[in-house]
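Spelled out, the chains give:
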Amino acid sequence: MINNDVITQLESTPAETAQYLRGSLEDFIKVFYYYLTWEEFVFKPFHKRIIKKLESVVFDNPRNVIISIPPRFGKSIIMRFFVAWTYTLNPGCNNIYTSYSDDLVRDFSGKIRDLINSPLYRRLFGIAIKEDTSNKGLWQITGGGGMRACSMGSSLTGFGAGSHKSGRYGGSIVVDDPMKADDVRSEVYKQHVISYFTD
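Residues numbered from 1 in each chain as written. Predicted model: local features only at pLDDT ≥ 70, side-chain atom pairs only at ≥ 80, totals over all residues. Heavy atoms only, no water.

(A) Summary view of the overall build of the chain. A count of helices and strands for the chain gives eight helices and five strands. Listing the helices and strands of the chain from first to last along the sequence gives α-α-α-α-α-β-α-α-β-β-β-β-α. The burial tally for the chain puts 45% of its 199 residues in the buried class. If you take every contact in the chain between residues at least 6 apart in sequence, the share linking residues at least 24 apart comes to 69%. Accessible area for the chain stands at about 11200 Å²; split by element, carbon and sulfur atoms hold 50% of it. (Helix = DSSP H or I, 4+ residues; strand = E, 2+ residues; numbered from the N terminus. Buried < 20%, exposed > 50% of the residue type's maximum accessible area, 1.4 Å probe, protein only. Contact = heavy atoms within 4.5 Å. Areas by Shrake-Rupley, 256 points an atom, 1.4 Å probe, with all protein chains shown as cover.)

Below, the structure written as structure tokens:
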């Protein structure tokens, strides 16, 4: 169980805590969800399956993963914590996030940025976002990585996901809700989404 005393104890041993949290996305979510909201994240069995699959993306390197569950079941929350967690493993990560909605994109990117800039994250991992690149659409980590967040159809020219420089996990493209519900019936729009993803 996470509470204020646990957070204080974790802060008192930053090196050990950082090493422990790098090895477990679930525990990273437990700690930082509580730290940011003062509530515990309630893990359902399907949340744990998603987390294990995301850990395998980092540690075992499968190329493509699809997570398909109804809205409001925690998928996007877990993905936000996942992206923030990847920078603890490699500050050189380059991630791209895209969705059909500009509002979703700004919210997703802004919450990751705020998590990384939180005092606990900075104390444990020594990572921060460069002040001159801190807008919600594009920001960079002091260690060299970055995040590009844009709606479907926007230009991604000049920014890629992933990095092979270090031999470690280098980043992902997160496609979260590429279509709004009304567009699902449109073959034209579906083809547009497929083309955007593949091209």
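(B) How the structure looks around the pairing of strand S4 (residues 146-151). Where burial is concerned, most of S4 is hidden: six out of the six residues are buried. Both faces of S4 are covered, namely the face carrying Gly146, Arg148 and Cys150 and the face carrying Met147, Ala149 and Ser151. Note that strand S1 (residues 94-99) and S4 share six bridges and pair parallel. Each residue of the ladder has a partner; that of Asn95, found in S4, is Met147. Pairing between strand S3 (residues 138-141) and S4: three bridges, direction antiparallel. (Pairing = 2+ DSSP bridges.)

(C) Just the nonpolar core, in detail. Grouped together as the largest cluster of nonpolar side chains are 48 residues, with contacts concentrated most on Phe28, Phe32, Phe82, Ile116 and Tyr121. Looking at this core, the element that brings in the most residues is helix H5 (residues 75-89), giving nine residues. Ignoring sequence-local partners within four residues, the contact set of Phe28 consists of Leu21, Phe81, Ala84, Trp85, Thr88, Leu115, Tyr121 and Phe125. (Core = buried A, V, L, I, M, F, W, Y, C linked by side-chain atoms within 4.5 Å.)

(D) Here's a closer look at the pattern of salt bridges. Inspection of every chain in the model, using the stated rule, returns nine salt bridges. The closest approach of N and O atoms between Lys48 and Glu26, which form a salt bridge, is 3.4 Å. You can see Lys48 sitting in helix H4 (residues 45-59) and its partner Glu26 sitting in helix H3 (residues 25-37), a full 22 residues away along the chain. For Lys48, a relative accessible area of 38% translates into the label partly exposed. Connected through salt bridges with shared partners, the residues Glu26, Asp27, Lys30 and Lys48 form a single ionic network. (Salt bridge = Lys/Arg side-chain N within 4 Å of Asp/Glu carboxyl O.)

(E) Highlighting the environment of Phe59. Checked against the element boundaries, Phe59 lands in helix H4. Non-local contacts of Phe59, meaning those with residues more than four positions away in its chain, are made with Arg22 and Trp85.

(F) Representation of the environment of Leu54 in the model. Positionally, Leu54 belongs in helix H4. Each residue touching Leu54, except ones within four places of it in the same chain, is listed here: Leu25, Ile67, Ile78, Met79 and Phe82.

No statement about biological role is implied by the geometric values presented.
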